[in-house]
Amino acid sequence: MEITNVTEYEKIAKEKLPKMVYDYYASGAEDQWTLQENRNAFARILFRPRILIDVNKIDMTTTVLGFKISMPIMVAPTAMQKMAHPEGEYATARAASAAGTIMTLSSWATSSVEEVASTGPGIRFFQLYVYKNRKVVEQLVRRAEKAGFKAIALTVDTPRLGRRESDIKNRFTLPSNLTLKNFEGLDLGKMDEANDSGLASYVAGQIDRTLSWKDVQWLQTITNMPILVKGVLTGEDARIAIQAGAAGIIVSNHGARQLDYVPATISALEEVVKATQGRVPVFLDGGVRRGTDVFKALALGASGIFIGRPVVFSLAAEGEAGVRKVLQMLREEFELTMALSGCRSLSEITRNHIVTEWDTPRHLPKL
C-alpha cells in the first residue's frame, strides 16, 4: 500500500508493535475526550482563501530562537523511541536533520544526548523533566549543552502522571533490553514493574512535584540555553512564563495524556498568543496530522508546530525513511495549503485567512 498521508502510518504501527507499546504511544488520559478533541477542533476551523495571487514561489523558511529552519514543522519530544524501532532516536535525529528542521529529544529517551549528538549535524532541543534530585538535573542540562543542544523545553504539566488506563491494564514497563539512557549509571535508568503502570510508579518516585515558577528562574542560573515552557494552556500562565524569563511557550496538553477535558491545543492557542503580545514566540503541539493543520496554527498566531505521534508511528512502520516521509508529506501539504490560500511566505499567513467556530461576523475583516 502506498502511504499518501501521515495518519496511515498509525494503522501499520498498530499491526507491527506489541500491544503494550502501541497502546503506550497511542492512548490518552481517562475518557480520552481531549485525545479526540485535539483532532476534532482542527476540523472546526475553515479557510478563507485569497485568489489570483502569484504563488509561483513559496518560502516556508523561518527562524526559531535565532536558528534558521526549512519549515515551521518540528519534531516534538516522544519518549522511548527504541520501543518503536531499534534505531529509535538516532533515526529521528537523522530524519529531522535531513529535513532541515529541529528535533526535540525527550528526557526519557532510549538514546542519550551524547548518542543523538553523534548522529551528525542538526539543530536539537532537549525536553526536561525536573527530578527530585536537582544534582541529576544540573548534570543532565550541562550534558545537553555540552552535546550541542540549543534550547531546553521544560515540561511543566506533569507533577504527576495522568491516568492512562491502557498502561494500567497492560502493566506498562520499559522492555528489559532498553533503559532511559540519559539516566544510565545513576540508578534512574530502569523502570520496575508495578501493580499498575510502571511509568506512573517511576514518575511518582522520581519527578519533583514541588516544581514551581521559581524553578524556571533557577534553570536559567545553570544554563545559557533559552528555556521554552511546554504545557501552557491559558493566557494567565503565558504572562507568568514571560515574567519568569521564558524565551518561548509551547501550547501543549501533553498529547492529551495528562488532564482529560482540557481544550484542544488549537482551541487554547489564540488566548495564549494574545496574552504574550508578541514578546516571545508561541508554538503548538497536539493533533497536527495535515499541512492544513499547520496553516491553521500559524493563522492563529503560532510561530511553528511540533509533531509527536506521527514520528513514532512512522518510525515503527519504516524506521528513518518513515520519519523522513512524514516530514516531507507535511511539508508538501503545507506548501500546497499556502499556495491555495494565496500566501507566498509565512508572514502573509494571517488571521483573515481562517474562520473559526468562535468567530462572529464582527470579527471578520471589513472589505
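Quick caveat: nothing in here was measured; it's all calculated off a predicted structure. (Residues numbered from 1 in each chain as written. Predicted model: local features only at pLDDT ≥ 70, side-chain atom pairs only at ≥ 80, totals over all residues. Heavy atoms only, no water.)

Q: So what's going on with the nonpolar core? Residues and values would help.
A: Counting 109 residues, the largest nonpolar core has W108, L128, I266, L269 and F334 as the members making the most contacts within it. Discounting residues that sit within four places of it in the chain, L269 has contacts with V251, V282, L284, A297, L300 and A302. With 13 residues, the next largest nonpolar core counts M74, I102, I123 and I250 among its residues. (Core = buried A, V, L, I, M, F, W, Y, C linked by side-chain atoms within 4.5 Å. Buried < 20%, exposed > 50% of the residue type's maximum accessible area, 1.4 Å probe, protein only. Contact = heavy atoms within 4.5 Å.)

Q: I'd like a description of the packing of helix α2 (residues 19–26) against helix α13 (residues 309–341), backed by residues and values.
A: One can describe the packing of α2 onto α13 by two numbers: an axis separation of 10 Å at closest approach and a directional angle of 155°. On the basis of the axis angle, α2 is roughly antiparallel to α13. Judged by residue contacts, Y22, Y25 and A26 of α2 engage R309, V312 and F313 from α13. Within the contact of α2 with α13, the residues separate by chemical class into five nonpolar, no polar and one charged. (Axes fitted to C-alpha atoms, helices over the stretch in contact; angles between N-to-C directions. Helix = DSSP H or I, 4+ residues; strand = E, 2+ residues; numbered from the N terminus. Parallel < 35°, antiparallel > 145°, perpendicular 65-115°, else oblique. Nonpolar A, V, L, I, M, F, W, Y, C, P; charged D, E, K, R; others polar.)

Q: Provide a residue-level description of the side chain of H353, including the pertinent values.
A: Note that H353 resides in the loop between α13 and β12 (354–356). Judged by its relative accessible area of 7%, H353 is buried. Among residues more than four places away in sequence, those in contact with H353 are L46, F47, R48, R50, F295, S341, C343 and E348.

Q: So what's going on with the UniProt feature "binding site: glyoxylate" (unreviewed entry) in the protein? Residues and values would help.
A: UniProt annotation of "binding site: glyoxylate" (unreviewed entry) refers to Y24, Y129, R164, H254 and R257 when read in the numbering used here. Inspection of the secondary structure puts Y24 in helix α2. Overall, Y24 belongs to the buried group, its relative accessible area being 4%. Discounting residues that sit within four places of it in the chain, Y24 has contacts with A79, M80, M83, R164, D167, F172, L199 and R257. In this view, Y129 contacts S107, W108, T155, T158, I207 and H254; residues no more than four positions away in its chain are not counted. (UniProt positions renumbered as here; feature names shortened; annotations may be inferred.)

Q: Residues and numbers for the packing of aromatic side chains, please.
A: As enumerated under the stated definition, the model contains nine aromatic pairs in all. Ring centres 4.5 Å apart and planes at 10° place the aromatic pair Y24 and F172 in the stacked group. Here the residue Y24 occupies a position in helix α2, and F172 occupies one in the loop between α7 (165–170) and α8 (198–206), the gap between them amounting to 148 residues. Arranged with centres 5.5 Å apart and planes meeting at 80°, the rings of F47 and F295 form a pair that is edge-to-face. Residue F47 is found in strand β1 (residues 45–47), and its partner F295 is found in helix α12 (residues 291–299); the two are separated by 248 residues along the sequence. F47 gets classed as partly exposed once you look at its relative accessible area, which sits at 29%. Relative accessible area serves as the criterion here: at 0%, F295 is assigned to the buried category. What links up through ring pairs into an aromatic cluster is the set Y24, Y25 and F172. Above the face of the W218 ring, R134 is positioned so that its terminal group lies 4.9 Å from the ring centre. (Phe/Tyr/Trp six-rings, centres within 6.5 Å; stacked < 30°, edge-to-face > 60°. Lys NZ or Arg CZ within 6 Å of the ring centre and 35° of its normal.)

Q: Lay out the pattern of salt bridges with the relevant residues and their values.
A: Taken as a whole, this structure holds 20 salt bridges when the rule is applied. With its nearest N and O atoms 2.8 Å apart, the salt bridge here joins D208 to R134. Here D208 is found in the loop between α8 and α9 (213–222), whereas its partner R134 is found in helix α6 (residues 134–146), with 74 residues between them in sequence. Ionic pairing is found between R142 and E138, a salt bridge with its closest N-O pair at 3.1 Å. Residue R142 and its partner E138 are located together in helix α6, separated by four residues, close to a single helical turn. By relative accessible area, R142 is classed as partly exposed at 43%. The network of salt bridges with shared partners includes E87, R94, E320 and R324. (Salt bridge = Lys/Arg side-chain N within 4 Å of Asp/Glu carboxyl O.)

Q: Please give an account of the packing of helix α10 (residues 235–243) against helix α11 (residues 265–276) that cites residues and values.
A: The contact between α10 and α11 brings their axes to 8 Å, and the two run at 40°. The angle between the axes of α10 and α11 places the two elements in the oblique class. Here α10 and α11 pass one another in a crossing that is right-handed. Here G235, E236, A238, R239 and I242 of α10 lie close against α11, whose contacting residues are E271, V272, A275 and T276. Looking at the contact of α10 with α11 residue by residue, the class counts come to four nonpolar, two polar and three charged. (Left-handed = near helix turned anticlockwise from the far one by under 90°.)

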